[in-house]
Amino acid sequence: MTYYKEYSQFWVSVDVIIFGFDESKLKVLIGRRQMDPGRGEWSLYGGFVSANESIDEAAEHTLEKLTGLSNLYMRQVGAFGAVDRDPGERVISVAYYALINVKDYDEKQREKYGLEWVDINKIPTLYSDHNLMVEQALKKMRQKIKTEPISFRLLPSLFTLTQLQRLYEAVIGEEVDKRNFRKRIKEMDFIEKTNLIDKKSSKRGAALYRFNNKVYNEDPNFKL
């Protein structure tokens, strides 16, 4: 027996906004659309949800296919379902955003799919409502970064306080007071200073820090 015959059918897809941090800039991974309609237009990467998978599984498969990485930080942005959002068919898309360390991302994987890292402030016009998806994802990330230590997903395992501050500023879109920022960071037990020195960033060298997930889980009273 077939149910719901009286209702119209439509497609469900996922789109993934992949954020990275490089050269003190927050960046988004985009590429040229490889299918009609909109072939050749700048676009996020996504795909249709198969009958035998959940939307979360579809997003995870898309993310792993693009990056070759698994167990990445990913959160749902929301559903986008304007009637005319896709000129091809009626398509409802569920968007997700993910955070990756650019240095972990194999350049061959990026080239394979024809993707480019684009500065968050210089994103071109994207296909359909993909610009809106990026805007909504950034809004959610800005809220999240103040209450959860998600910034460490974008940094290497060892980082300087300058790198951490620049990342935070890149996400929230404004400068912060250096002295107050460092004072607040040094009060957080889960951000540990190591004995290692980064000699690339300055002549004197800068101390390297790392994130201790175990300590954070034991005392997650985080607010930046």
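You'll find the structure just up there.
Residues numbered from 1 in each chain as written. Predicted model: local features only at pLDDT ≥ 70, side-chain atom pairs only at ≥ 80, totals over all residues. Heavy atoms only, no water.

Chemist: Would you mind showing me how to read the environment of G38 here?
Modeler: Looking at where G38 falls in the secondary structure, it is placed in the loop between β2 (25-32) and β3 (42-43). Put simply, G38 and K200 are 162 residues apart on the chain and 44 Å apart in space, counted from C-alpha to C-alpha. If near-sequence neighbours (up to four positions away) are discounted, G38 is found in contact with R33 and Y127. (Helix = DSSP H or I, 4+ residues; strand = E, 2+ residues; numbered from the N terminus. Contact = heavy atoms within 4.5 Å.)

Chemist: How do you make sense of the side chain of R85 when you look at a structure like this?
Modeler: Its place among the elements puts R85 in the loop between β5 (73-80) and β6 (91-99). Using a relative accessible area of 8% as the deciding quantity, one classes R85 as buried. At 3.2 Å, the side chain of R85 and the backbone oxygen of V91 are in polar contact. Those residues within four positions of R85 in sequence are excluded, and the remaining contacts are D15, F80, V91, S93, S128, D129, H130 and M133. (Buried < 20%, exposed > 50% of the residue type's maximum accessible area, 1.4 Å probe, protein only. Polar contact = N/O pair within 3.5 Å; in protein donor to acceptor, adjacent residues only side chain to side chain.)

Chemist: Help me understand unusual backbone geometry, please; the structure alone is not making it clear to me.
Modeler: The general pattern is negative phi for most residues beyond glycine and trans for most peptide bonds. Cis geometry is adopted by the peptide bond preceding P37, which originates at D36 and carries an omega value of -5°. Checked against the element boundaries, P37 lands in the loop between β2 and β3. Positive phi, close to 60°, is recorded for Y4, a residue that is not glycine. Relative to the assigned elements, Y4 resides in the segment before β1 (11-22). Looking at Y4, the relative accessible area reads 64%, which means it is exposed. One non-glycine residue, S128, lies in positive phi territory at about 50°. Position of S128 among the secondary structure elements: in the loop between β7 (115-119) and α3 (130-144).

Chemist: Explain the packing of aromatic side chains here, please?
Modeler: The description of an aromatic ring pair rests on the distance of the ring centres and on the angle between the ring planes. By the definition in use, this model includes twelve aromatic pairs. Aromatic pair Y45 and Y113: ring centres 5.7 Å apart, planes at 75°, arrangement edge-to-face. Separated by 68 residues along the polypeptide, Y45 in strand β4 (residues 45-48) and Y113 in the loop between α2 (107-112) and β7 bring together distant segments of the chain. Ring geometry for F190 and Y216: centres 5.1 Å apart, planes at 75°, overall edge-to-face. Of this pair, F190 sits in the loop between α5 (178-186) and β8 (191-198) while Y216 sits in helix α6 (residues 213-218), and the two are 26 residues apart along the sequence. Over the ring of Y127 we find R33, and its NZ or CZ is 4.0 Å from the ring centre. Here the basic side chain of R90 rests over the ring of F10, its NZ or CZ set 5.8 Å away from the ring centre. (Phe/Tyr/Trp six-rings, centres within 6.5 Å; stacked < 30°, edge-to-face > 60°. Lys NZ or Arg CZ within 6 Å of the ring centre and 35° of its normal.)

Chemist: Explain a negative patch on the surface to me, please; I cannot follow it from the model alone.
Modeler: Residues D56, E57, E60 and E64 make up a contiguous surface patch of negative charge. When you line up the elements, E64 lands in helix α1 (residues 55-67). Relative accessible area serves as the criterion here: at 41%, E64 is assigned to the partly exposed category. (Patch = residues over 30% accessible without salt bridge, like charges linked within 9 Å, V, L, I, M, F, W, Y side chains within 5 Å. Areas by Shrake-Rupley, 256 points an atom, 1.4 Å probe, with all protein chains shown as cover. Salt bridge = Lys/Arg side-chain N within 4 Å of Asp/Glu carboxyl O. Lys, Arg positive; Asp, Glu negative; His and termini not counted. Charge placed at Lys NZ, Arg CZ, Asp CG, Glu CD.)

Chemist: So what exactly am I meant to see when it comes to the nonpolar core here?
Modeler: The nonpolar side chains of a soluble globular protein tend to be buried with one another. Core analysis: the biggest nonpolar cluster contains 43 residues, and I17, F19, L26, V28, Y97, M141 and I191 have the highest contact counts within it. Mapped by element, the contributors of at least two residues to this core are β1, β2, β5, β6, α3, α4 (161-172), α5 and β9 (206-211). For this core, the element with the highest residue contribution is α4, accounting for seven residues. Those residues in contact with I17 that lie beyond four places of it in its chain are V28, L44, V77, A95, Y96, Y97, A98, M133, V134 and A137. Ranked by size, the runner-up nonpolar core spans 18 residues in total, among them V14, V16, Y113 and W117. (Core = buried A, V, L, I, M, F, W, Y, C linked by side-chain atoms within 4.5 Å.)

Chemist: Any chance you could explain the layout of surface pockets here in plain terms?
Modeler: Gaps left between atoms are located by rolling a probe of water-molecule size over the structure's atoms. One number sums up the size of the second largest pocket: a volume of about 420 Å³. Lining the second largest pocket are 26 residues, with D15, R33, M35, G46 and G47 sitting closest to its centre. Every element with two or more residues in the lining of the second largest pocket is listed here: β1, β2 and β4. Taken together, the residues of the lining of the second largest pocket break down into eleven nonpolar, eight polar and seven charged. (1 Å grid on protein atoms, 1.4 Å probe; cavity = no way out; pocket = protein on both sides within 12 Å on 5 of 7 lines; lining within 4 Å. Points joined across faces, edges and corners; volume = space filled by probe spheres on them. Nonpolar A, V, L, I, M, F, W, Y, C, P; charged D, E, K, R; others polar.)

Chemist: How do you make sense of the pattern of salt bridges when you look at a structure like this?
Modeler: A pair can form between side chains of opposite charge whenever their charged atoms are brought close. All chains considered together, the criterion is met by nine salt bridges. The closest approach of N and O atoms between K103 and D22, which form a salt bridge, is 3.7 Å. One end of the pair, K103, is in the loop between β6 and α2; the other, D22, is in strand β1, and 81 residues separate them in sequence. One network of salt bridges, with partners in common, ties together E107, R110 and E116.

Nothing here speaks to function; it is geometry throughout.
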